[in-house]
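Structural description and commentary
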Amino acid sequence: MNPSFTLALSLLLAATSRADFIIEQKVDGLGQQSGSIVVKIHDTKARAELSPGISYISDGATGESITLMHEQKSFMKVTAEQGRALMEEMQKQQGTGTAAPTKPVATGQRENVDQWPAEIFTWSSGSLSVKYWVAKDFPNGAAIQAAMDKARADGLGALNKKLVPANSDLPGMVVKTEMKMKQKTVTSTIVSVKEEAVDAKQFEVPADYKELPTPAFGTPPAK
């Protein structure tokens, strides 16, 4: 599993709430997963439809994540412990220690993202740099941002808690994010947010799917 891809994905999925939400984002830079990504949120769980053949489910309560590969009818699970090992590998690649991240810095620049006037903030650490477009007047933005931080409790959700600033460090709703890590750039822009009921069954693994082994994180391949 590519650490930079996982970091970008954790940024996209770091949202949960007692209410259900359906969030559509336009994503560029994730290879075959670029394009329109729909994230469905129910309680502490989030499901992203990355492509017609791949879905990604995360649980902020347990720290587990599951990747569903529909064409092969298979899935891969990452436990909270494996997530922490992945975090250590990502910190090494990012070139940072385990200290809490610094807070974003206001640039004084402003730019509209769709219909939303936004202020631009920047943040960097090691080889990772992030630019945030923050809309103070986004409907229900404060509640959504608070819910995003709530999701970063354990496992993969905790990855970006230690690698990047908290959403509460920003004065509004993040409507666009540009992340650069070494030679890779991933941009995510919110298209829409709907408060709508999501069936809990969508976060379950189908009974006929076969589990695949999870790669060992931070462990050199056997000779």
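Everything numeric in this text was worked out from a predicted model, so none of it was measured.

**Here's the deal with the overall build of the protein**
Regarding its fold elements, the protein presents four helices and 12 strands. In the protein, which comprises 223 residues, the share counted as buried stands at 46%. Taking as baseline every contact in the protein between residues at least 6 positions apart, the subset at least 24 positions apart corresponds to 58%. When the accessible surface of the protein is summed, it comes to about 11200 Å², and 51% of that surface belongs to carbon and sulfur atoms.

**What about the sheet that holds strand 2 (residues 35-42)?**
In spatial order, the strands read 7-8-9-10-11-1-2-3-4-5-6-12; together these 12 strands make up an open sheet with mixed pairing. Lying at the two open borders of the sheet, with one neighbouring strand each, are strand 7 (105-113) and strand 12 (210-212). Along the sheet, successive strands turn relative to each other by an average axial angle of 25 degrees, direction set aside. Two elements, strand 8 (residues 116-125) and strand 9 (residues 128-135), share seven bridges in a ladder whose sense is antiparallel. Each residue of the ladder has a partner; that of Thr122, found in strand 9, is Lys131.

**As for the confidence of the model for the protein**
In low-pLDDT segments, the atomic positions of the prediction should not be examined closely. Confidence in the prediction for the protein averages 78 pLDDT; 71% of positions are at 70 or higher. Predicted confidence is poor over residues 153-158, with pLDDT under 50, and the contacts of this stretch with residues over four places away or in other chains come to 20 contacts. Here residues 219-223 scores under 50 on pLDDT; set against residues more than four positions off or in separate chains, the count is zero contacts.

**Some remarks on the packing of aromatic side chains**
All told, the structure shown has one aromatic pair when counted by the stated rule. When the ring of Trp116 is compared with that of Phe138, the centres are 5.0 Å apart and the planes differ by 50 degrees; the resulting orientation is tilted. Of this pair, Trp116 sits in strand 8 while Phe138 sits in the loop between strand 9 and helix 3 (141-151); the two residues are 22 residues apart in sequence, bridging distant segments of the chain. Residue class for Phe138 comes out buried when judged on its relative accessible area of 10%. The positively charged end of Lys176 is found above the aromatic ring belonging to Trp133, 4.5 Å away from the centroid.

**Concerning the pairing of strand 4 (residues 54-59)**
Along strand 4, five of the six residues are buried, which leaves the element largely enclosed by surrounding structure. As judged from the six bridges shared by strand 3 (residues 45-51) and strand 4, these two strands associate in the antiparallel manner. Bridge pairing in strand 4 links Glu49 to Ser55. Counting the residues between successive antiparallel strands, the hairpin from strand 4 to strand 5 (residues 65-69) contains five residues, one of them, Gly63, with a positive phi of roughly 85 degrees.

**Some thoughts on the nonpolar core**
Of all hydrophobic cores here, the largest spans 22 residues; its most connected members are Val39, Leu128, Val130 and Tyr132. Among the secondary structure elements, those contributing two or more residues to this core are strand 1 (21-28), strand 2, strand 3, strand 8, strand 9 and strand 10 (173-181). Counting 10 residues, the second-largest nonpolar core is a separate cluster that includes Ala118, Trp133, Ala135 and Val175.

**What about the pattern of salt bridges?**
According to the stated counting rule, one finds four salt bridges in the structure shown. A salt bridge links Glu49 to Arg47; its shortest N-O distance comes to 2.5 Å. Residue classification places Glu49 among the partly exposed positions, given a relative accessible area of 23%. Salt bridges here are not isolated pairs; linked through shared partners, they connect Arg110, Glu119 and Lys136.

**Details of the side chain of Ser188**
With respect to the helices and strands, Ser188 occurs in strand 11 (residues 184-195). Note on Ser188: relative accessible area 11%, which makes it buried. A polar atom in the side chain of Ser188 sits 2.6 Å from the side chain of Gln25.

Reading the values: the criteria
- Residues numbered from 1 in each chain as written.
- Predicted model: local features only at pLDDT ≥ 70, side-chain atom pairs only at ≥ 80, totals over all residues.
- Heavy atoms only, no water.
- Helix = DSSP H or I, 4+ residues; strand = E, 2+ residues; numbered from the N terminus.
- Buried < 20%, exposed > 50% of the residue type's maximum accessible area, 1.4 Å probe, protein only.
- Contact = heavy atoms within 4.5 Å.
- Areas by Shrake-Rupley, 256 points an atom, 1.4 Å probe, with all protein chains shown as cover.
- Pairing = 2+ DSSP bridges.
- Axes fitted to C-alpha atoms, helices over the stretch in contact; angles between N-to-C directions.
- pLDDT = per-residue confidence, 0-100.
- Phe/Tyr/Trp six-rings, centres within 6.5 Å; stacked < 30°, edge-to-face > 60°.
- Lys NZ or Arg CZ within 6 Å of the ring centre and 35° of its normal.
- Core = buried A, V, L, I, M, F, W, Y, C linked by side-chain atoms within 4.5 Å.
- Salt bridge = Lys/Arg side-chain N within 4 Å of Asp/Glu carboxyl O.
- Polar contact = N/O pair within 3.5 Å; in protein donor to acceptor, adjacent residues only side chain to side chain.

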